[in-house]
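Residue-level listing of the chains:
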Amino acid sequence: MANDKLRNACFNAFETFKKLEDSNYAEIQSKLEFVIGSYDFDKNPVGLYEFGIVAIPKLKKAKEKYSRKVTKKVIEELEKAVKK
């Protein structure tokens, strides 16, 4: 259950980066997409934790520039999910 919450939080972060259409976030976007697909296939959450943690500061930085596109909820959801 906690892993599914982490997967969903990572997916929401991925969708947020996708909405930004900013090439500065292309790498984290593609890594999140890969680890989400990998988790869906083998249910191993290691990559989700690894890149969820990497995505948090990037989301916070993106929020400074795109305050309407990056919601506080997406960031808090991801922070909560990686702590478990």
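In this report, the structure presented in the accompanying data block is examined. The shown structure was predicted, so the numbers you read here are calculated from the model rather than taken from an experiment.

1. Topic: the overall build of the protein chain
Regarding its fold elements, the protein chain presents four helices and zero strands. Relative to a compact globule of 84 residues, whose C-alpha radius of gyration would be 12 Å, the protein chain shows 12 Å and is just as compact. Taken along the three principal axes of its C-alpha coordinates, the protein chain extends 35 × 20 × 15 Å. Relative to its full complement of 84 residues, the protein chain shows a buried share of 39%. Summed over its atoms, the accessible surface of the protein chain is roughly 5,400 Å², and 53% of this surface lies on carbon and sulfur atoms.

2. Regarding the side chain of R7
Its place among the elements puts R7 in helix α1 (residues 2-20). Residues contacting R7, with those up to four places away along its chain left out, are I36, Y39, D40 and L48.

3. A short note on the nonpolar core
Residues F17, L32, L59 and L78 are the most contacted members of the largest nonpolar core, which totals 26 residues. At the level of elements, α1, α2 (26-42), α3 (46-65) and α4 (72-83) are the ones that each hand at least two residues to this core. At seven residues, the largest contribution of residues to this core is made by α1. Apart from the residues lying within four places of it in its own chain, the contact partners of L78 are L6, A9, C10, A13, G52, A55, I56 and L59.

Rules used throughout
Residues numbered from 1 in each chain as written. Predicted model: local features only at pLDDT ≥ 70, side-chain atom pairs only at ≥ 80, totals over all residues. Heavy atoms only, no water. Helix = DSSP H or I, 4+ residues; strand = E, 2+ residues; numbered from the N terminus. Rg over C-alpha atoms; globule rule 2.2 N^0.38 Å. Buried < 20%, exposed > 50% of the residue type's maximum accessible area, 1.4 Å probe, protein only. Areas by Shrake-Rupley, 256 points an atom, 1.4 Å probe, with all protein chains shown as cover. Contact = heavy atoms within 4.5 Å. Core = buried A, V, L, I, M, F, W, Y, C linked by side-chain atoms within 4.5 Å.

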